[in-house]
Amino acid sequence: TSAQIGVTGLAVMGRNLARNFARNGYTVALHNRTASRTHDLVKEFGQEGDFIATETAEEFVAALERPRRLMIMVKAGDPTDAVIKEFAPLLEPGDMIIDGGNAHFADTRRRERELREQGIHFVGTGISGGEEGALHGPSIMPGGSKESYASLGPMLEKISAKAKDGAPCVTHVGADGAGHFVKMVHNGIEYADMQLIGEAYQLLRDVAGYTPAQIADIFRTWNTGRLDSYLIEITAEVLSHVDAATGKPFVDVVVDQAEQKGTGRWTVQIALDLGVPVSGIAEAVFARSLSGHAALRAASRHLAGPRPAPLSGAEAAAFADRVEQALYASKIVSYTQGFHEIAAGGEEYGWDIDQGAVSAIWRAGCIIRAAFLDRIRAAYDARPDLPSLLSDETFAREIAAAQDDWREVLAAAVRQGVPTPGFAAALSYYDGLRAPRLPAALTQGQRDFFGAHTYRRVDREGAFHTLWGGDRSEVSA
Ligand code: 6PG
């Protein structure tokens, strides 16, 4: 027999994806740089389905039915290139290499171009959902050619998560790097969601005066409403966890320096290149880096701030309700920003990305899965050309209802000295978009003053310059 799919790179993600394929009835060829891992997988999980253990690259390739579907699950960057270099010479036109790692989409574009010359389809694929998702059903974001999706899509649909309506959480996102681009933005939104939740927690603790266990209960309640999501759910789990060694809340014994592997940073770097204001995502990345500057933080601890004055009783409870409003409104903004980046990337790279389809495949399986995504999907389905999520009537109405509380929460945070970069960036973005006039006019005046950079007028076409050093008359530029 030959295998419908092969997986090389059998660390936890690769191993669980291989098992997922096998559990769904596919014959899976296995390969790993150190063969012991391959044999361990078969020994431990062989009864789950049909596996073909192979040791060499040649054996692995020979085990695959044609056109071959070869999935690589190795570290992004050089290791991915090394594996491609090893296997590509053994493949034939029409074969597919699927990269399921967190590759940078620019690398994916390059690899796709190079392999296309050889007639090989390179399918850069975002996969979200962590270890559990890989095994039980991830959200899958494949790029690459339409042709490759025709052959691969049905298999991915089978192993993917299913939304509540039964729809598989996979769609052909677009050509070449589109899948990895969308996965990158997914992770940027993930960072923003996590930061906003973190700020909500800090406010509930420092302003409302709740304990981590009480805050866990508040999150559990929120999770039954419009904030219903995987990240809120696990937040409650983490907050209610007690450290066995000390008896303290787990969250108090963990070093408060957040790490990152790069996808959030890429989201912001690319947004800067595309000119898309993803301020909420950027603040989330910066908040992680600020947390990691231990020496700088130690040197700043004596800096002046307001005296803590936590609320209590009914006031605290009312404040918690306001925080829910602020969190929800800020969340709408960060998704607005993320989807703007997807639209801009699609335009820049010529991908025809269906935003409704992207929100649909994020409804289950992935880290940012949430009831909320069904509503985003509905907004894009109702109006595929929606200029921004904020222009959707339902979201606009919800923000309108939330805005007083949102502002109150930020005012309290500022008064009490609780850092809320995510909430603040989201509100500033919202107010910036709403503003009838922005100080950008003044910026233009300054640029024209010091550098004759010219400006446009509200009442006439053309570019103008004022003779600032002379009689200050205006000339056409
Ligand atoms: C997912 C996750 C996954 C990974 C993050 C973690 O969608 O399953 O996003 O890809 O856990 O990349 O990112 P950081 O280590 O940068 O927080």
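These numbers were taken from a predicted model, which means no experiment stands behind them.

Rules of the game
Residues numbered from 1 in each chain as written. Predicted model: local features only at pLDDT ≥ 70, side-chain atom pairs only at ≥ 80, totals over all residues. Heavy atoms only, no water. Helix = DSSP H or I, 4+ residues; strand = E, 2+ residues; numbered from the N terminus. Buried < 20%, exposed > 50% of the residue type's maximum accessible area, 1.4 Å probe, protein only. Contact = heavy atoms within 4.5 Å. Areas by Shrake-Rupley, 256 points an atom, 1.4 Å probe, with all protein chains shown as cover. Lys, Arg positive; Asp, Glu negative; His and termini not counted. Charge placed at Lys NZ, Arg CZ, Asp CG, Glu CD. 1 Å grid on protein atoms, 1.4 Å probe; cavity = no way out; pocket = protein on both sides within 12 Å on 5 of 7 lines; lining within 4 Å. Points joined across faces, edges and corners; volume = space filled by probe spheres on them. Nonpolar A, V, L, I, M, F, W, Y, C, P; charged D, E, K, R; others polar. UniProt positions renumbered as here; feature names shortened; annotations may be inferred. Salt bridge = Lys/Arg side-chain N within 4 Å of Asp/Glu carboxyl O. Expected span 1.5 Å × (residues − 1). Pairing = 2+ DSSP bridges. Near = heavy atom within 4 Å. Polar contact = N/O pair within 3.5 Å; in protein donor to acceptor, adjacent residues only side chain to side chain. Axes fitted to C-alpha atoms, helices over the stretch in contact; angles between N-to-C directions.

## Remarks on the overall build of the chain
Alright, step 1. For the chain, the helix and strand inventory stands at 20 helices and nine strands.
Alright, step 2. Considered along the principal axes of its C-alpha atoms, the chain spans approximately 80 × 70 × 45 Å.
Alright, step 3. Across the 477 residues that make up the chain, the buried fraction comes to 49%.
Alright, step 4. Across the chain, every contact between residues at least 6 apart in sequence was considered, and the portion connecting residues at least 24 apart equals 66%.
Alright, step 5. Looking at the chain as shown, the accessible area adds up to about 22,300 Å², and 52% of this sits on carbon and sulfur atoms.
Alright, step 6. Considering the chain, the positive charge centre built from 48 side chains and the negative charge centre built from 61 side chains are found 2 Å apart.

## Focus: the layout of surface pockets
Alright, step 1. By volume, the second largest pocket amounts to about 410 Å³.
Alright, step 2. For the lining of the second largest pocket, the secondary structure elements donating two or more residues are α6 (130-136), α10 (230-240) and α17 (372-382).
Alright, step 3. Taken together, the residues of the lining of the second largest pocket sort by class into six nonpolar, six polar and ten charged.

## Remarks on the environment of G280
Alright, step 1. Mapped onto the elements of the fold, G280 is located in helix α13 (residues 279-292).
Alright, step 2. Linking G280 and L427, residues 147 residues apart in sequence, is a C-alpha distance of 9.4 Å.
Alright, step 3. Other than its neighbours up to four places away in sequence, G280 contacts A192, Q337 and A425.

## Describing the UniProt feature "domain: 6-phosphogluconate dehydrogenase C-terminal" (unreviewed entry) in the chain
Alright, step 1. Mapped onto this structure's residue numbering, the UniProt feature "domain: 6-phosphogluconate dehydrogenase C-terminal" (unreviewed entry) falls at residues 179-469.
Alright, step 2. Strand forms 1% of residues 179-469 and helix 66%; the C-alpha atoms that close the span are 53 Å apart.

## Examining unusual backbone geometry
Note: most peptide bonds trans; most residues except glycine with negative phi.
Alright, step 1. Here R66 and P67 are connected by a cis peptide whose omega angle stands at -5 degrees.
Alright, step 2. Locating P67 in the fold gives a position in the loop between α3 (57-62) and β4 (69-72).
Alright, step 3. The backbone of D176 sits at a positive phi, close to 30 degrees, despite the residue not being glycine.
Alright, step 4. Inspection of the secondary structure assignment puts D176 in the loop between α7 (146-159) and α8 (178-206).
Alright, step 5. On the basis of relative accessibility, which here comes to 13%, the residue D176 falls in the buried class.

## Digging into the UniProt feature "active site" (unreviewed entry) in the chain
Alright, step 1. Mapped onto this numbering, the UniProt entry gives "active site" (unreviewed entry) at K183 and E190.
Alright, step 2. Among the secondary structure elements, K183 is positioned in helix α8.
Alright, step 3. Beyond its immediate stretch of four places on either side in the chain, K183 contacts N102, G126, I127, S128 and M141.
Alright, step 4. As for its position among the elements, E190 is in helix α8.
Alright, step 5. Setting aside residues no more than four positions away along its own chain, E190 makes contact with L231, I367 and I368.

## A closer look at the pattern of salt bridges
Alright, step 1. Summed over the entire model, instances satisfying the criterion amount to 32 salt bridges.
Alright, step 2. Here E237 makes a salt bridge to R220, at a shortest N to O gap of 3.8 Å. Of this pair, E237 sits in helix α10 while R220 sits in helix α9 (residues 212-222), and the two are 17 residues apart along the sequence.
Alright, step 3. Taken together, the shared-partner salt bridges in this structure form one network comprising D81, D99, D107, R110, R111 and E114.

## A short note on helix α1 (residues 12-23)
Alright, step 1. The end-to-end C-alpha separation of α1 is 16 Å, in line with the 16 Å expected for twelve residues at 1.5 Å each.
Alright, step 2. Looking only at α1, the buried set comprises G14, N16, L17, A18, R19, N20, F21 and A22.
Alright, step 3. Two residues or fewer past α1, G25 is found with a positive phi of approximately 95 degrees.

## Let's talk about the environment of P387
Alright, step 1. Of note, P387 is situated in the loop between α17 and α18 (393-416).
Alright, step 2. The spatial distance from the C-alpha of P387 to the C-alpha of T336 is 9.7 Å, given a sequence separation of 51 residues.

## A look at the pairing of strand β6 (residues 121-128)
Look at any regular strand and the pattern is simple: side chains alternate between the two faces of the sheet.
Alright, step 1. With eight of eight residues buried, β6 is to be regarded as a mostly interior element.
Alright, step 2. By the alternation rule, side chains of β6 split into H121, V123, T125 and I127 and F122, G124, G126 and S128, which are all buried.
Alright, step 3. Pairing of strand β5 (residues 96-99) with β6 involves four bridges; the strand directions are parallel. Paired with I98 across the two strands is V123, which belongs to β6.
Alright, step 4. Bridging between β6 and strand β7 (residues 139-142) involves four bridges; their strand directions are antiparallel.

## What to know about empty space enclosed by the protein
Alright, step 1. Counted according to the given criterion, the structure contains two cavities of 30 Å³ or more.
Alright, step 2. Considered as a void within the structure, the largest cavity measures approximately 70 Å³ in volume.
Alright, step 3. Mapped onto the lining of the largest cavity, the elements with two or more residues apiece are α8, α10 and α15 (313-349).
Alright, step 4. Here the lining of the largest cavity gets three residues from one element, more than from any other, and that element is α10.
Alright, step 5. Partitioned by chemical class, the residues of the lining of the largest cavity number eight nonpolar, one polar and three charged.
Alright, step 6. Counted as a void, the second largest cavity has a volume near 40 Å³.
Alright, step 7. Lining the second largest cavity we find A192, Q195, L196, G280, S330, V333, S334, G422 and A426.
Alright, step 8. Where the lining of the second largest cavity is concerned, the elements lending two or more residues are α8, α15 and α19 (421-434).
Alright, step 9. Along the lines of polarity and charge, the residues of the lining of the second largest cavity split into four nonpolar, five polar and no charged.

## As for the site of the ligand
Alright, step 1. Close to the ligand lie 15 residues; S128, E190, Y191, K261 and R288 are nearest.
Alright, step 2. Side-chain polar atom of K183 to an oxygen atom of the ligand: 2.9 Å apart, as the coordinates give it.
Alright, step 3. Here the shell around the ligand gets five residues from one element, more than from any other, and that element is α8.

## Quick look at the sheet that holds β5
Alright, step 1. Read across the sheet, seven strands follow the order β3-β2-β1-β4-β5-β6-β7 without closing on themselves; strand pairing throughout is mixed. Both edges of this open sheet fall to β3 (51-53) and β7, since each of them pairs with a single strand only. Neighbour to neighbour, the strand axes of the sheet diverge by 25 degrees on average, direction disregarded.

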